[in-house]
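Structural overview for review
For reference, the chains in residue letters:
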Amino acid sequence: MATPTPLSRLFTVVLAGVLAGLVLAVVALPGNLLLGLAAQSALGNYASLPDALRTPATPQRSYLYANDGKTLITTFYDINRTDVALVEIAPVMRQAIVAIEDRRFYDHDGVDLRGMLRALVTNVTEGGTEQGGSTLTMQYVRNVLKTDPSRTAEERNAATEQTVVRKIQEIRYANALEQRLGKDEILNRYLNIAYFGSGAYGIAAASQRYFSKTPAELTLAESALLAGLVQSPEAYSPIDGDAEAALDRRGYVLDAMAQTGAVTGEQAAQAKAEELTLEPREQANGCAATAGGSDGWGFFCDYLRRWWLDQPEFGATVDEREQALRRGGYTVVTTLDPQVQATAQEQATEVYGYDNPRALPIAAVEPGTGRVLAMAVNRHYSLDANPDGQVNYPHTVNPLVSGGGGVAGYQAGSTFKLFTMLAALESGRPLATGFDAPSRLPTRYAADGDSSCDGRWCPANANPDWMDGYRMMWDGFGRSVNTYFVWLAEQVGPDKVVEMAQRLGITFRAPSDANFAADDAASWGAFTLGVSATTPLDLANAYATVAAEGTYCAPVPVVAVTAPDGERLPVGDPSCRQVLDADVARAATDAARCPVGQQSAFGQCNGGTATSVNQILDGRPVAGKTGSSDQAATESFVGFTPQVAVAGIAANPDDPTDSVGAAVQARVIDAVARIIDTAVDGQPEQAFAAPSRELVGTPRRPVERDPFEDRRPAGEDLLSDLRRWFQDRG
């Protein structure tokens, strides 16, 4: 026991005198008269109580779950506690806390004057002893006031000061509560806020912390041990304190329960004889402590947290929103799909190991909702230190997948040709728009160096033998012909291409890119070749917009957010709008069948850069595009079906001059395709709708067939031929 200080002993003497007078009044006055006086004057009333006592707003941890609503990702808390109903707490736990803390709980009106006087007299007359005279209701008042987030730090500290004024206020508040609330409600509130040591506030947190079980599952011996912790949580804690002292205290609680008749003497003796068996569990807190240490979950969690801090529904300021997440007791069902995430993480780490300076960040998005299904990269989301010279690996908390926080992204190469094709289609140019693509194309944009022809930018095709010649959008996209798309961008206007990319959600995080887009977009001819930095999340969502036939949905990491009272907050619902004509999106999708080894609805594909995708998806309708930046500094692939869009970009986040090399592209393609395969597993196969004849146009030359590159699903040749036959005849 703590030794009383001279100040606290003086306080107890004074308060003892005050309360002794009250006790004499109890003896001298008739019971009904005393109660009337107390209710009307001395002890206050319910309406005068602070809001925190009338409407509890005690801090609680928030839970993050995967999209199944069951798989725990992590929790957020400043104070580790979660409210539970009284019926969810084992009866022996309720009996134990009453027996040891306030055995006359069901007999008094919030203030036990007899018990308080006995405790105070003992404290004064027996040096070295300090008994508590507070009822459970008074303890509840104190706990609420010292943790009330609406109060200042000074006000919270005042809730535990050893002063007569504070004690009398506590008495008044306790009596006022008892006038309105039932005993079970007060007991429930107390059990949900009491501190049990080892960072556990409330019986739900304590049950998990010490025994890894719910409060309803507590045994008699376990309940007695937890009840015994409340008086001196740190001293008695069997985890952080003295296990022997905890057992002695448990025995004391069991004896008290026997004295009150809550249990028999035999039951108490049996519980005393039980060995102390703990199963301590640390409650995950924050993104760096995602449940089970699942790599990749931390990056998704971080993305959710950043999203949360932008939502005004959780507070007027960033600080208020942070406090809401850590103290608000929310249940958050996220969009994370554990199976898709597991495959994405597996694929990312198969391409590059955790200790490789190169990275493969990957994102998966659901078209038509914007729900982010997975975010993976070959890094540990961790604050742990890295070896010398390894700035960002194997540990980092930088948002390598989503961007932000200083991460601008990576060049995604020819994946940006999609935006040129969309801008051209929107301007009325059909898929059959033809151009005799040369090996190099002099443009009107000024340039110098190796890419210059007489002072003009002069881009080249990477593989002239395979790319040069008469091309339309189908084979220009399928074979990724640079000079075709640079020419097409000139016809439409690079500013229209830039605007299209922005419309589909591409964000320019690098200052140089943002300046080009704002001030010089009309001269940004190289934009179509993917020289702007982007992220896998932006890229996947842009392609998801095409998969959803022109419906853009802002990326979102939550399905539902529920407050502790069960109210669902108006956040997390898909925020979508039509940004493209559906026919334009269908036409672009038709051309995007070519790169992945499938056939357009009109039989115009004649080769692709990612034909293995068709084999991995076993002929399931799929589309996509590869991308290589200059000198193979990065290698990318985006694939999509009507149900999912996945993007991966191989790069060195710390050193843009470190070229990943062209050889890794096949592995990136394979990784993305296998993630798509997992995402659509068990879902019905959905076909892409064909575009209108107006956006198809009339090919000006027969399609060149390449049986080794054109691996269409069986039976599609006949269907395509029939479509063309009917189209040619109106």
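Scroll up to find the structure this text is about.
Quick caveat, the model's predicted, so the values are computed rather than measured.

Turning to the overall build of the chain, a few remarks are in order. Of regular secondary structure, the chain possesses 29 helices and 19 strands. Nonlocal contacts in the chain, meaning residues at least 24 apart in sequence, comprise 72% of its contacts between residues at least 6 apart. Total accessible area on the chain is roughly 29,900 Å²; 50% of this is exposed by carbon and sulfur atoms.

The next point concerns the packing of aromatic side chains. The full count for this structure, using the stated rule, is 22 aromatic pairs. On the numbers, 5.2 Å between centres and 80 degrees between planes, the contact of Y484 with F485 is edge-to-face. Assigned by exposure class, Y484 and F485 land together as buried. Aromatic ring contacts, followed pair by pair, group F416, F419, F508, F516, W524 and F527 into a single cluster. Over the ring of F105 we find K183; its NZ or CZ atom is 4.5 Å from the centre of that ring. Over the ring of F477 we find K625, and its NZ or CZ is 5.6 Å from the ring centre.

Here we take up the state of the cysteines. Summed over the entire model, instances satisfying the criterion amount to four disulfides. Two residues, C287 and C301, share a disulfide whose sulfurs are 2.1 Å apart. Since a negative S-S torsion denotes a left-handed disulfide, the C287-C301 link at about -75 degrees is left-handed. Here C287 is found in the loop between α14 (265–273) and α15 (297–308), whereas its partner C301 is found in helix α15, with 14 residues between them in sequence. In this structure, C287 and C301 share a single accessibility class: buried.

Another aspect to go through is the sheet that holds strand β1 (residues 62–65). On the basis of which strands lie adjacent, the open sheet formed by four strands has the order β2-β1-β3-β15 and mixed pairing. Looking at which strands have only one partner, the edges of the open sheet turn out to be β2 (72–76) and β15 (558–562). In this sheet, neighbouring strand axes are inclined to one another by 15 degrees on average, regardless of whether the strands run parallel or antiparallel. In this sheet, β15 lies alongside strand β3 (residues 331–334) in antiparallel orientation, the contact comprising four bridges. Directly across from T331, in β15, lies its bridge partner T562. The sheet contacts of α15 involve β1, β2, β3 and β15, and relative to β2 the element is tilted by about 45 degrees.

Reading the values: rules and limits
- Residues numbered from 1 in each chain as written.
- Predicted model: local features only at pLDDT ≥ 70, side-chain atom pairs only at ≥ 80, totals over all residues.
- Heavy atoms only, no water.
- Helix = DSSP H or I, 4+ residues; strand = E, 2+ residues; numbered from the N terminus.
- Contact = heavy atoms within 4.5 Å.
- Areas by Shrake-Rupley, 256 points an atom, 1.4 Å probe, with all protein chains shown as cover.
- Phe/Tyr/Trp six-rings, centres within 6.5 Å; stacked < 30°, edge-to-face > 60°.
- Buried < 20%, exposed > 50% of the residue type's maximum accessible area, 1.4 Å probe, protein only.
- Lys NZ or Arg CZ within 6 Å of the ring centre and 35° of its normal.
- Disulfide = S-S within 2.5 Å.
- Pairing = 2+ DSSP bridges.
- Axes fitted to C-alpha atoms, helices over the stretch in contact; angles between N-to-C directions.

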